[in-house]
Number of protein chains: 2
Amino acid sequence: MEGLNDAALIRVAEVFKALAEPRRLKILNSLRDGQKNVSELVSLTESTQANVSKHLSVLLQAGLIQREARGTAAYYRMANDSTYQLCDIVCGQLLKQAETALALQQLLQQGQLSVGSDKPV
Amino acid sequence: MEGLNDAALIRVAEVFKALAEPRRLKILNSLRDGQKNVSELVSLTESTQANVSKHLSVLLQAGLIQREARGTAAYYRMANDSTYQLCDIVCGQLLKQAETALALQQLLQQGQLSVGSDKPV
DNA sequence: TCTATAAATAACTATATGGTTATGTAGTTA
DNA sequence: TAACTACATAACCATATAGTTATTTATAGA
């Protein structure tokens, strides 16, 4: 994405914005093992039907999922295999941060580090 | 991220939210070739100082960048090498979508497909 | 046709956020 | 100390968005 123009950056930001909501992540997580209809997603995410429909339309608009009407039901599935990679990378980053924080905390407890102007390093 | 609890999903969503803004993506892009201070980022992103500072604090809070004060200046750098991977994956998805749309358009123009109840497939 | 069911959408409220202007604050230099 | 610089932050406004309730639309079945 090195030399992206402003319009492209806006499109990229739109995709991230669609992912920037815990309940939508929960919906995407529910689609890991295959397509689901709205009713199924409602119970899986413990939300209301209107709310899930709204989130689904956001994800659809962003191109992250695909819709297929079947009878009175509407089935949704992931549009792109690589979407979960995004989440995995973020999780990896967070895990790394948590580990670093933990290690720091342990060093502090062992008195090997100091905060502020207490003890020298 | 398969079995993430709600708190973890919120953390992941926060990271995506920090990325969900064109100007912040522009800032991150400007940090590709190394650390920059605020003044440099202001001119690179063609924004105001207050605005850049605000966006930087969002990115900092999300753990995407790191800050280092040096004299009266504040230098920022990427906190995690894998962040650009996120953007690359999204760009790849968008590119794929664009190609699919283009191919479809070409088929339509060649009369090999039809929309609605006009011609049979 | 009438009814029931599934999903989408409209209307509304509360809250969050981006941008701006003005001000505060810390470090540097004269 | 005073003045200057770089950055952060507060206050404000306009807009966007998540959630809810109520309604609409479309399909299936009696």
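Residues numbered from 1 in each chain as written. Chains lettered and ligands numbered in written order. Predicted model: local features only at pLDDT ≥ 70, side-chain atom pairs only at ≥ 80, totals over all residues.

A. Here's a closer look at the pairing of strand S2 (residues 65-70) of chain B. Residues and elements named next belong to chain B. Sheet analysis places S2 next to strand S3 (residues 73-78), joined by six bridges and oriented antiparallel. Bridging from a neighbouring strand, glutamine 66 pairs with arginine 77 of S3. Counting the residues in the hairpin turn of S2 and S3 gives two residues, including glycine 71, whose phi is positive at 65 degrees. (Pairing = 2+ DSSP bridges. Helix = DSSP H or I, 4+ residues; strand = E, 2+ residues; numbered from the N terminus.)

B. Broad picture of the protein's contact with DNA strand C. Near DNA strand C you find 23 residues, and of these A:Asn37, A:Val38, A:Ser39, A:Ala50 and B:Ala50 are the closest. When residues of the surface near DNA strand C are traced back to their parent elements, those giving at least two are helix H3 (38-45), helix H4 (49-61) and strand S3 (73-78) of chain A together with helix H4 (49-61) of chain B. For the surface near DNA strand C, the element with the highest residue contribution is H4(A), accounting for six residues. Across the surface near DNA strand C, the residue classes break down as seven nonpolar, ten polar and six charged. (Near = placed C-beta within 6 Å. Nonpolar A, V, L, I, M, F, W, Y, C, P; charged D, E, K, R; others polar.)

C. Inspection of the packing of helix H2 (residues 22-30) of chain A against helix H1 (residues 6-19) of chain B at higher detail. Where H2(A) meets H1(B), the axes come as close as 8 Å, and the angle between the chain directions of the two elements is 110 degrees. Overall, the two elements H2(A) and H1(B) adopt an arrangement that is roughly perpendicular. Residues A:Pro22, A:Leu25 and A:Lys26 of H2(A) touch H1(B), and the partners they reach there are B:Asp6, B:Leu9, B:Ile10, B:Val12 and B:Ala13. Here the residues of the contact of H2(A) with H1(B) are counted per class, giving six nonpolar, no polar and two charged. (Axes fitted to C-alpha atoms, helices over the stretch in contact; angles between N-to-C directions. Parallel < 35°, antiparallel > 145°, perpendicular 65-115°, else oblique. Contact = placed C-beta atoms within 7 Å.)

D. The arrangement of the relation of the copies chain A and chain B in detail. At an RMSD of 0.1 Å, chain A and chain B line up after a rotation of 180 degrees and a shift of 0.0 Å along the axis. The relationship between the two copies is best expressed as a two-fold rotation axis. In this assembly, 100% of the residues forming the interface of chain A have copies in chain B that are likewise at the interface, indicating an isologous arrangement. (Least-squares fit on C-alpha atoms with pLDDT ≥ 70 in both.)

E. Summary view of the interface of chain A and chain B. Contacts between chain A and chain B engage 33 residues on the former and 33 residues on the latter. Those elements that place two or more of their residues in the side of chain A that touches chain B are helix H1 (6-19), H2 and helix H5 (83-109) of chain A. Sorting elements by how many residues they give to the side of chain A that touches chain B places H5(A) first, with eleven residues. The residue makeup of the side of chain A that touches chain B, split by class, is 17 nonpolar, eight polar and eight charged.

F. How the structure looks around the sheet that holds strand S2 (residues 65-70) of chain A. Residues and elements named next belong to chain A. Taken together, the three strands give an open sheet; going across it, the order is S1-S3-S2, and neighbouring strands pair in antiparallel fashion. Each edge of the sheet is formed by a strand with only one pairing partner; in this case those strands are strand S1 (36-37) and S2. Sheet topology places S1 next to S3; two bridges connect them, and they run antiparallel. Along S3, the bridge assignment pairs lysine 36 with tyrosine 76.

Nothing here speaks to function; it is geometry throughout.
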